[in-house]
Amino acid sequence: MDASKANPSFVYVTYIATTPEKLWQALTDNAFIRQYWSGTVIESDWTAGAPMRFVHDGVLHNTGEVLACEPGRRLSYSWHVEFHEVFSREKPSRVTFEIEPMGAEVKLTITHDAFEPGSKVLEAVRDGWPSILASLKSLLETGRALALTSPEAMEGAKKEAIARAERNAAPSA
Amino acid sequence: MSKPSFVYVTYIETTPEKVWNALTDPEMTKDYWVRHRNRSDWKPGSAWRHEDYEDAAKLDIVGTVVASDPPRRLVLTWAFPGEASDPNKVSRVTFDIDMFKGAVRLTVTHDELEPDSGMLRGITAGWPLVLSSLKTMLETGAAMPMTRQRWTDEN
């Protein structure tokens, strides 16, 4: 759980008033994904070993491979950022979603790990996941995703992530 | 040397004032914060306490208001009542509230924590639940059922 220096990771837990089945659908069905993920669609057949392509407005953002796929319980995939060299030079990391029913709610735990030391991708996803997951929760509970994950918000978010990564990549003191 | 910290960020379709009220109004905390009230006059230097809503004698957390800038920033010290006189066991919670692309961004930073402590484990499990329910309450009008009642702590 704690971010040790040797194995940096990002862990985020959220509770959502929904069912494991609906949450699974929201994680794997583009009709949902594009709403809480700024217009992103994921091309995959969602079986273990299957390739994945994360596409936004015709541009390839990420590639990956489905590592584990247990509907309603657990989804894991590798994560390689393609849209800028400051990220694409890193080896793929790993995203795991775990879904547990808890009373009338569902507990969703996202673990993003297997980063290189000093990863710029880790810094970017640390900012990105809370907004995506907050919007996913809003979508499932209210029927409406947050404006901050609208398709128009993607370009700004990308530019900010690249600018920060390049700034932090400058020789350190 | 460096003490552990826990940071949680969430985005809520509401106003900064409503988030501030939700953090400081017992009638709101009781619904999303497992039947507890936060009591203070919320002025810098004042005491604050996190107590059972039905039984105010049952104190769970005590501390001091370090900074209070409604509706943007609230900083509290945070300790179990029996440990509040030991500086090593007093941690700090900062609520930062700002607008970000049409939503309220609530950043909770809990730092100065004791390594490997029950407090660290407790708040790591607790904040995501409490803050998830706070978001649900402000966006849908009703907090999540599991936070409207007292919780027997199972970590």
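Residues numbered from 1 in each chain as written. Chains lettered and ligands numbered in written order. Predicted model: local features only at pLDDT ≥ 70, side-chain atom pairs only at ≥ 80, totals over all residues. Heavy atoms only, no water.

Q: In this structure, what is going on with the sheet that holds strand β5 (residues 74-81) of chain A? I would like to understand it.
A: By definition, the strands of a sheet pair up through backbone hydrogen bonds, in either a parallel or an antiparallel sense. All names here are of chain A. A sheet is described by the order of its strands in space; here seven strands give the open sequence β1-β7-β6-β5-β4-β3-β2, paired in antiparallel fashion. Looking at strand neighbours, the two that pair on one side only are β1 (10-16) and β2 (40-43), the edges of this open sheet. Averaged over all neighbouring strand pairs, the angle between strand axes comes to 25 degrees, with direction disregarded. With six bridges joining them, strand β4 (residues 59-70) and β5 adopt antiparallel strand pairing. Paired with Val 66 across the bridge in β5 is Tyr 77. Here helix α4 (residues 120-142) sits on the sheet in contact with β1, β5, β6 (93-102) and β7 (105-113), set at roughly 5 degrees to β1. (Pairing = 2+ DSSP bridges. Helix = DSSP H or I, 4+ residues; strand = E, 2+ residues; numbered from the N terminus. Axes fitted to C-alpha atoms, helices over the stretch in contact; angles between N-to-C directions. Contact = heavy atoms within 4.5 Å.)

Q: Any chance you could explain the nonpolar core here in plain terms?
A: By size, the foremost hydrophobic cluster in this structure holds 78 residues, and its most contacted members are A:Trp37, A:Tyr77 and A:Trp129. Sorting elements by how many residues they give to this core places α4(A) first, with 10 residues. If we skip the residues at most four places from it in the chain, A:Tyr77 touches A:Trp37, A:Trp46, A:Met52, A:Phe54, A:Glu65, A:Val66, A:Leu67, A:Ser93, A:Arg94, A:Val95, A:Phe97 and A:Trp129. Of all hydrophobic cores here, the second largest spans six residues; its members include A:Ala134, A:Leu148, B:Val9 and B:Tyr11. (Core = buried A, V, L, I, M, F, W, Y, C linked by side-chain atoms within 4.5 Å. Buried < 20%, exposed > 50% of the residue type's maximum accessible area, 1.4 Å probe, protein only.)

Q: Which parts of the structure should I look at to understand the packing of aromatic side chains?
A: To describe a pair of aromatic rings, one takes the distance between the centres and the angle between the planes. Tallied over the full model, the rule gives 20 aromatic pairs over all chains. Pairing A:Trp79 with A:Trp129 gives two aromatic rings, centres 5.5 Å apart and planes at 40 degrees, and the pair type is tilted. With A:Trp79 in strand β5 and A:Trp129 in helix α4, this residue pair connects regions lying 50 residues apart in the sequence. The pair formed by A:Trp79 and A:Trp129 is uniform in burial state, with each residue classed as buried. If you follow A:Lys158 out to its NZ or CZ, it ends over the ring of A:Phe83, 5.2 Å from the centre. In this structure, B:Lys30 is placed above the aromatic ring of B:Tyr53, and the distance from its NZ or CZ to the ring centre is 5.7 Å. (Phe/Tyr/Trp six-rings, centres within 6.5 Å; stacked < 30°, edge-to-face > 60°. Lys NZ or Arg CZ within 6 Å of the ring centre and 35° of its normal.)

Q: Just to check I follow, could you spell out the interface of chain B and chain A for this structure?
A: Put simply, an interface is often sized by how much accessible area is lost when its parts join up. With 20 residues of chain B in contact, the opposing surface of chain A contributes 23 residues. Summing both sides of the interface, chain B and chain A together bury roughly 1,800 Å²; the carbon and sulfur share of this comes to 62%. Looking at the side of chain B facing chain A, the largest losses of area belong to B:Tyr11, B:Lys101 and B:Met146, adding up to 29% of the total buried there. Connecting chain B to chain A are two salt bridges. In this structure, A:Arg144 engages B:Glu13 in a salt bridge whose closest nitrogen and oxygen atoms are separated by 3.7 Å. Seen at the junction of chain B and chain A, the total is 11 residue pairs in polar contact (both at pLDDT 80 or more). For the side of chain B that touches chain A, the secondary-structure elements that each account for two or more residues are β1 (6-12) and α3 (118-140) of chain B. The greatest single-element share of the side of chain B that touches chain A, amounting to nine residues, is contributed by α3(B). A per-class count over the side of chain B that touches chain A returns 11 nonpolar, five polar and four charged. (Buried area = accessible area lost by both parts, 1.4 Å probe. Salt bridge = Lys/Arg side-chain N within 4 Å of Asp/Glu carboxyl O. Polar contact = N/O pair within 3.5 Å; in protein donor to acceptor, adjacent residues only side chain to side chain. Nonpolar A, V, L, I, M, F, W, Y, C, P; charged D, E, K, R; others polar.)

Q: Sorry if this is basic, but what is going on with the pattern of salt bridges here?
A: Think of it this way: side chains of opposite charge can pair up when their charged atoms draw near. All names here are of chain B. Across all of its chains, the model carries 23 salt bridges over all chains by this definition. Across the pair Arg 37 and Glu 51 runs a salt bridge whose closest N-O atoms are separated by 3.2 Å. Of this pair, Arg 37 sits in strand β2 (residues 36-39) while Glu 51 sits in strand β3 (residues 47-52); the two residues are 14 residues apart in sequence, bridging distant segments of the chain. The pair Arg 37 / Glu 51 is uniform in exposure class, with both members buried.

Q: Mind showing me how you'd approach the environment of B:Gly45 here?
A: All names here are of chain B. Along the chain, Gly 45 turns up in the loop between β2 and β3. Residue Gly 45 is classed as exposed on the basis of its relative accessible area, which comes to 57%. Residues Gly 45 and Val 62 lie 17 residues apart in sequence; the distance between their C-alpha atoms is 13 Å. Among residues more than four places away in sequence, those in contact with Gly 45 are Thr 64 and Val 65.

Q: Looking at this structure, I do not really get α4(A). What am I missing?
A: One turn of the α-helix equals 3.6 residues, which is why residues spaced by three or four share an orientation. Residue and element names in this part refer to chain A. Spanning 23 residues, α4 covers 34 Å between terminal C-alpha atoms, matching the ideal 33 Å at 1.5 Å per step. Bending of α4 peaks at approximately 30 degrees at the position of Gly 128, with proline Pro 130 no more than four residues after it. Counting buried residues along α4, 18 of its 23 residues qualify, which places the element largely inside the surrounding structure. Where α4 begins, the capping side chain belongs to Ser 119, and its oxygen is found 3.1 Å from the backbone nitrogen of Val 121. (Expected span 1.5 Å × (residues − 1). Bend = angle between axes of the 7 residues up to and from the residue.)

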